[in-house]
Amino acid sequence: MKGKRIVVGVSGGIAVFKAAGLVSKLTQAGAEVRVILTESASRFVTPLTFQTLSRHQVSMDTFDEQDPEKVTHIDLADHADLFLIAPATANVLAKAAHGIGDDMLTTTLLATQAPIMVAPAMNVHMYENPIVQENMCKLDRFGWHFIEPGSGQLACGYVGRGRLEEPETIVQVVADFFAAQDQQRVLAGKRVLVTAGPTREAIDPVRYISNRSSGKMGYAVAEAAMEAGASVKLISGPTFLDAPSGVERINVTSAKEMYDAVMADLEDADIIVKSAAVADYQPINIAKQKIKKSGDEMTLHLVKTPDIAMEVGRRKKGQFFVGFAAETENVEEHAQSKLARKGMDLIVANDVSQRGAGFDGDTNAVKVFDRYGEVLQLPLVSKKEVAKQLIALIAKRWSQDERN
């Protein structure tokens with residue numbers, strides 16, 4: 001856990017005394033710990049105790065801004081590699097489940113994008129209350145991680161489940177969580193260049209030639225690569241998507257602009273994933289004014305756009321190159337031909353005429369080929385799952401190439 005940034009939220013209950021020991025053990029394990037204390041929690045253990053154990057100032061009041069250059073709850077939210085609530089009372093769980101932010105802890109929870117881990121502690125009947133259970137189920141669906149409370153003698157005199165898990169156990173759970181995360185960072189230190197979305201080739205100031213690509217597949221690949229630890233640059237044609245957090249996006253419009261952007265960053269990339277649906281042709285001449293409607297027919301003279309994939313395959317020097325092939329017939333044949341002609345290491349092929357696997361949807365069904373044939377087949381699954389599986393395959397192939 002050395003260097004891991006952990007925000008510990010402490011809510012009010014008798015188990016707060018265990019939270020002091022937890023903060024101490026996390027700090028001793030090398031973590032950088034920041035504590036947020038609710039007002040109720042401060043009635044059990046003072047902020048000074050947590051400040052001394054964490055070696056950092058304790059936050060309690062949303063309006064107590066010590067540094068004018070920072071908004072404290074946003075800074076803490078951005079700071080975290082992990083957000084740990086221990087103890088988590090029924091009250092805090094209810095607020096979190098319903099999006100309420102009325103104090104320092106809950107507003108920071110709403111702002112953070114870090115993984116959230118929760119160690120509940122309360123009376124056994126409170127813990128078993130269907131409302132509390134429903135709130136925890138809702139948070140679980142949102143991806144929160146729960147450390148189940150232990151059973152035994154409770155402070156209220158009851159015997160049953162509701163006792164905060166011991167600090168040593170929580171520290172081990174946190175350590176295991178980070179270890180698992182590190183194992184997933186299979187592209188740590190690698191630089192990945194992803195292209196995504198359509199291009200638009202202007203006819204006149206109003207009209208353009210384009211295609212049905214939404215960019216969702218490429219954006220999912222960029223996000224999966226970032227989650228695998230890579231530094232990711234996303235060159236995107238026009239889409240309505242937001243870039244994944246932590247991914248650098250370069251916006252382009254035309255095939256020529258995308259070509260220039262890719263070539264500018266090609267040498268710096270370790271892995272190139274070309275998932276953009278680049279227009280194959282563009283008008284020879286772009287009208288300076290809107291073309292007025294006249295006659296029953298209109299003829300456009302088109303010329304090929306720069307072949308980005310072909311040029312990447314020609315110029316690459318040790319980079320791992322992955323392409324995409326969106327086809328409507330003879331999918332395998334066309335994909336393998338494209339891989340060979342354009343010097344790709346892998347190609348992801350899909351039949352866009354298949355229901356659920358076309359443009360603009362959230363799902364895809366793909367086959368992945370290398371120069372020897374099919375290496376991966378995925379049925380109709382989410383594009384995020386396709387991206388995750390693809391990145392895992394790329395990482396495995398990259399590792400094999402490095403060993404050779």
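Residues numbered from 1 in each chain as written. Predicted model: local features only at pLDDT ≥ 70, side-chain atom pairs only at ≥ 80, totals over all residues. Heavy atoms only, no water.

Time to look at the overall build of the protein. Counting its regular elements, the protein contains 14 helices and 19 strands. With respect to the three principal axes, the spread of C-alpha positions in the protein is 85 × 55 × 40 Å. By the burial criterion, 47% of the 404 residues in the protein qualify as buried. Restricting to contacts in the protein with at least 6 residues of sequence separation, those with at least 24 account for 67%. As presented, the protein carries roughly 20900 Å² of accessible surface, and 48% of it is formed by carbon and sulfur atoms. (Helix = DSSP H or I, 4+ residues; strand = E, 2+ residues; numbered from the N terminus. Buried < 20%, exposed > 50% of the residue type's maximum accessible area, 1.4 Å probe, protein only. Contact = heavy atoms within 4.5 Å. Areas by Shrake-Rupley, 256 points an atom, 1.4 Å probe, with all protein chains shown as cover.)

Let us now look at a nonpolar patch on the surface. Together, Tyr281, Met298, Leu300 and Leu302 line one region of the surface with nonpolar side chains, adding up to about 380 Å² of accessible area. Checked against the element boundaries, Tyr281 lands in strand 14 (residues 281–283). (Patch = residues over 30% accessible without salt bridge, like charges linked within 9 Å, V, L, I, M, F, W, Y side chains within 5 Å. Salt bridge = Lys/Arg side-chain N within 4 Å of Asp/Glu carboxyl O.)

Right, let's get into unusual backbone geometry. Cis geometry marks the peptide bond from Ala86 to Pro87; its omega dihedral reads -5 degrees. Looking at where Pro87 falls in the secondary structure, it is placed in strand 3 (residues 82–88). Of note in this structure, Asn330 is not a glycine but carries a positive phi near 45 degrees.

Next up on the list: the sheet that holds strand 13 (residues 271–274). Strand order in the open sheet formed by 8 strands is 12-11-8-13-16-17-18-19, with mixed pairing between adjacent strands. Strand pairing shows two members of the sheet lacking a second neighbour, strand 12 (248–251) and strand 19 (373–382), which therefore form its edges. When the angles between neighbouring strand axes are averaged without regard to direction, this sheet yields 15 degrees. Here strand 8 (residues 191–196) runs beside strand 11 (residues 231–236); their pairing, made up of 6 bridges, is parallel. Bridge pairing links Leu193 to Lys233 in strand 11. (Pairing = 2+ DSSP bridges. Axes fitted to C-alpha atoms, helices over the stretch in contact; angles between N-to-C directions.)

Time to look at the pattern of salt bridges. A full pass over the atoms with the stated rule returns 18 salt bridges. Put simply, Glu166 and Lys18 hold a salt bridge, and the shortest N to O gap is 2.8 Å. Taken together, the residues span a long stretch of sequence, with Glu166 in the loop between strand 7 (159–163) and helix 9 (167–184) and Lys18 in helix 1 (residues 16–28) at a distance of 148 residues. A residue is classified by how much of its surface remains accessible, and Lys18, at 11% relative accessible area, is buried.

Further remarks concern the UniProt feature "domain: DNA/pantothenate metabolism flavoprotein C-terminal" (unreviewed entry) in the protein. According to UniProt, the "domain: DNA/pantothenate metabolism flavoprotein C-terminal" (unreviewed entry) feature falls on residues 187–396. Between the end C-alpha atoms of residues 187–396 the distance is 10 Å, and the span holds 27% helix and 30% strand. (UniProt positions renumbered as here; feature names shortened; annotations may be inferred.)

Along the chain, Ser214 falls in the loop between strand 10 (208–209) and helix 10 (216–227). Sequence-distant contacts of Ser214, defined by excluding residues within four places in its chain, comprise Thr239, Leu241, Asp360 and Lys383.

Turning next to the nonpolar core. One finds Val221 and Ile394 to be the most contacted residues of the largest nonpolar core, which totals 35 residues. When residues in this core are grouped by element, the largest group, 8 residues, is from helix 14 (residues 383–403). Every residue in contact with Ile394, bar those within four places of it in the chain, is listed here: Ile271, Val273, Phe320, Val322 and Leu346. Counting residues in each nonpolar core, the second largest holds 31 residues, with Val10, Ala31, Leu82 and Ile170 among its members. (Core = buried A, V, L, I, M, F, W, Y, C linked by side-chain atoms within 4.5 Å.)

Okay, the pairing of strand 11 next. Burial runs high along strand 11: 5 of the 6 residues are buried. Where strand 11 lies against strand 12, 4 bridges are found, and the strand directions are parallel. Across the sheet, the residue bridging to Leu234 is Arg249, located in strand 12.

When two helices pack together, you describe them by how their axes are tilted relative to each other and by the distance separating the axes. Following both chains from N to C, one finds helix 5 (residues 90–97) and helix 8 (residues 130–141) inclined at 50 degrees, their axes separated by 9 Å at the closest point. Considering the angle they form, helix 5 stands oblique to helix 8. In the crossing of helix 5 with helix 8, the sense of the turn from one axis to the other is left-handed. Here Ala90, Leu93, Ala94, Ala96 and Ala97 of helix 5 come into contact with helix 8, specifically with Val132, Asn135, Met136, Lys138 and Leu139. Tallied by class, the residues present in the contact of helix 5 with helix 8 amount to 8 nonpolar, 1 polar and 1 charged. (Parallel < 35°, antiparallel > 145°, perpendicular 65-115°, else oblique. Left-handed = near helix turned anticlockwise from the far one by under 90°. Nonpolar A, V, L, I, M, F, W, Y, C, P; charged D, E, K, R; others polar.)

Mapped onto the elements, Glu168 comes out in helix 9. Sequence separation between Glu168 and Leu22 is 146 residues; the distance between their C-alpha atoms is 7.3 Å.

Moving on: helix 12 (residues 308–315). Those residues of helix 12 lying buried are Ile308, Ala309, Glu311 and Val312. One side of helix 12 holds all its buried residues, which, seen down the axis, span an arc of 165 degrees. Contacts from the buried residues of helix 12 go to helix 11 (255–265), strand 13 and strand 16 (320–327). (Arc of directions from axis to C-beta.)

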